[in-house]
Amino acid sequence: MIIKSYLIEKNINQLKQYKFILIYGPNDGLKKTLKNKIISNFKDTDILNLYQEDLNKNQDILINECKNDSLFLRNKTIIMNQSNDKLLSSIEYLKK
């Protein structure tokens, strides 16, 4: 499903119904703004920032982070920065 950015800006909480979201496009300022809104509105989750370099160094880092449970928080928000299509195989595994 595709959600327009202006709808997300109106109601950021609608993203909670999705397991994975992808924010892409040429407008880096908008992507940064949306990322900051997600971080500020999802304070009840454990927020983890990862980069494609981290995934290149350790292929299992994303899977391990998703499987590890937090003692204090129920949900995790993992933000992948500067990623490419290699991330898709990890996400496909996690969807199951």
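Note: the structure precedes this text.
These numbers were taken from a predicted model, which means no experiment stands behind them. (Residues numbered from 1 in each chain as written. Predicted model: local features only at pLDDT ≥ 70, side-chain atom pairs only at ≥ 80, totals over all residues. Heavy atoms only, no water.)

Attention now goes to the overall build of the protein. For the protein, the helix and strand inventory stands at five helices and two strands. Tracing the protein from N to C terminus, the helices and strands come up as α-α-β-α-α-β-α. For 96 residues, the compact-globule estimate of 2.2 N^0.38 gives 12 Å, and the protein sits close to it at 14 Å. Across its three principal axes, the protein shows a C-alpha extent of roughly 35 × 35 × 25 Å. Buried residues in the protein amount to 20% of all 96 residues. For the protein, contacts bridging at least 24 residues in sequence account for 69% of all contacts bridging at least 6. Looking at the protein as shown, the accessible area adds up to about 7500 Å², and 50% of this sits on carbon and sulfur atoms. The averaged location of the 11 negative side-chain charges in the protein is 6 Å from the averaged location of its 16 positive side-chain charges. (Helix = DSSP H or I, 4+ residues; strand = E, 2+ residues; numbered from the N terminus. Rg over C-alpha atoms; globule rule 2.2 N^0.38 Å. Buried < 20%, exposed > 50% of the residue type's maximum accessible area, 1.4 Å probe, protein only. Contact = heavy atoms within 4.5 Å. Areas by Shrake-Rupley, 256 points an atom, 1.4 Å probe, with all protein chains shown as cover. Lys, Arg positive; Asp, Glu negative; His and termini not counted. Charge placed at Lys NZ, Arg CZ, Asp CG, Glu CD.)

Glancing now at the environment of K31. Following the sequence through the fold, K31 ends up in helix α2 (residues 28–41). The contact partners of K31, leaving out residues within four places of it in the chain, are I23, Y24 and G25.

In this section: the packing of aromatic side chains. Applying the stated criterion across every chain yields a total of zero aromatic pairs. The lysine or arginine in question, K16, covers the ring of F42, its NZ or CZ lying 5.2 Å from the ring centre. (Phe/Tyr/Trp six-rings, centres within 6.5 Å; stacked < 30°, edge-to-face > 60°. Lys NZ or Arg CZ within 6 Å of the ring centre and 35° of its normal.)

With that settled, consider the pattern of salt bridges. A complete count under the given rule lists one salt bridge for this structure. Note that D28 and K31 form a salt bridge whose closest N and O atoms lie 3.1 Å from each other. Of the two residues, D28 and K31 are both situated in helix α2; the distance of three residues between them amounts to about one turn of the helix. On the basis of relative accessible area, K31 is assigned to the partly exposed category, the value being 26%. (Salt bridge = Lys/Arg side-chain N within 4 Å of Asp/Glu carboxyl O.)

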